[in-house]
Amino acid sequence: MPDLLQRARRLAPWPLIALLCACASTTVSVAPSPQAPLCDRAASALVLWAPQWRPDQKDVAAREHAAATGLHAFFDSSDCFRRVELASASRLTPAEVRRHVAAATTAFSSVIGIEVLELGPVVKLLSGPALIEGGTHVVLRIIEYSPESLDERRRFVVDWHHGGPGVVQGVESLPSDIQAAVRAGLQADAPR
């Protein structure tokens, strides 16, 4: 019997450790907060997106491909706007935004800019009892422009993270991760 108790004591923490290691959650913060929803199912929108990577960013081409894939998938499948034209830009400068609006073949009732600041997997070693903590991190700067003057109406940052202890993700989930971050930032599920 004492042998059985010793074995049970040695094994007792493992279910708790396994539970801690397998927990993934999603957190979203918006700054400044709160923001009114940008989605408007009655509006036609020009959405411009531009990557703004940090200087030491790795795998730029793969991240830009994942961002483009995820953004196209979001706007193709959501009813955030009645009609959307999605275009990439090198930067969202006033001149670049004006150039895209002038080149559009139809008028838009909404002009939105999305700067992709971060899109990638994150792994932290020895950060707690799980030894490995990871997930995916997406940071977007979203800008709403006046469709008439193209002046900025508002800008805010969406910081989206999915992961937790014991979670290790690769780049395969990046298109769906940016979709989830855009959905949260534009508040695609909220009535306007």
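Fair warning: this is a prediction, and the values are worked out from it, not measured in the lab. (Residues numbered from 1 in each chain as written. Predicted model: local features only at pLDDT ≥ 70, side-chain atom pairs only at ≥ 80, totals over all residues. Heavy atoms only, no water.)

1. Brief notes about the overall build of the protein chain
Across its full length, the protein chain holds five helices and six strands. When the elements of the protein chain are put in sequence order from the N terminus, they spell out α-α-β-β-α-β-α-β-β-β-α. Looking at the protein chain as a whole, 41% of its 192 residues are labelled buried. Considering only contacts in the protein chain between residues 6 or more positions apart, those separated by 24 or more positions represent 73%. Accessible surface, the protein chain: about 10500 Å² in total, of which carbon and sulfur atoms supply 59%. (Helix = DSSP H or I, 4+ residues; strand = E, 2+ residues; numbered from the N terminus. Buried < 20%, exposed > 50% of the residue type's maximum accessible area, 1.4 Å probe, protein only. Contact = heavy atoms within 4.5 Å. Areas by Shrake-Rupley, 256 points an atom, 1.4 Å probe, with all protein chains shown as cover.)

2. Describing the nonpolar core
Ranked by size, the top nonpolar core spans 31 residues in total, and within it Phe75, Leu119, Leu140, Ile178 and Leu186 carry the most contacts. Apart from the residues lying within four places of it in its own chain, the contact partners of Phe75 are Val47, Phe81, Val84, Leu86, Ile114, Val182 and Leu186. (Core = buried A, V, L, I, M, F, W, Y, C linked by side-chain atoms within 4.5 Å.)

3. Quick notes on helix H5 (residues 174-186)
The terminal C-alpha atoms of H5 lie 18 Å apart, and with 13 residues this matches the ideal 18 Å at 1.5 Å per residue to within 8%. Buried within H5 are the following residues: Leu174, Pro175, Asp177, Ile178, Ala181, Val182, Gly185 and Leu186. Considered in projection along H5, the buried side chains sweep an arc of 160° and stay on one side of the axis. Positive backbone phi, approximately 55°, marks Gln187, located one or two places after H5. (Expected span 1.5 Å × (residues − 1). Arc of directions from axis to C-beta.)

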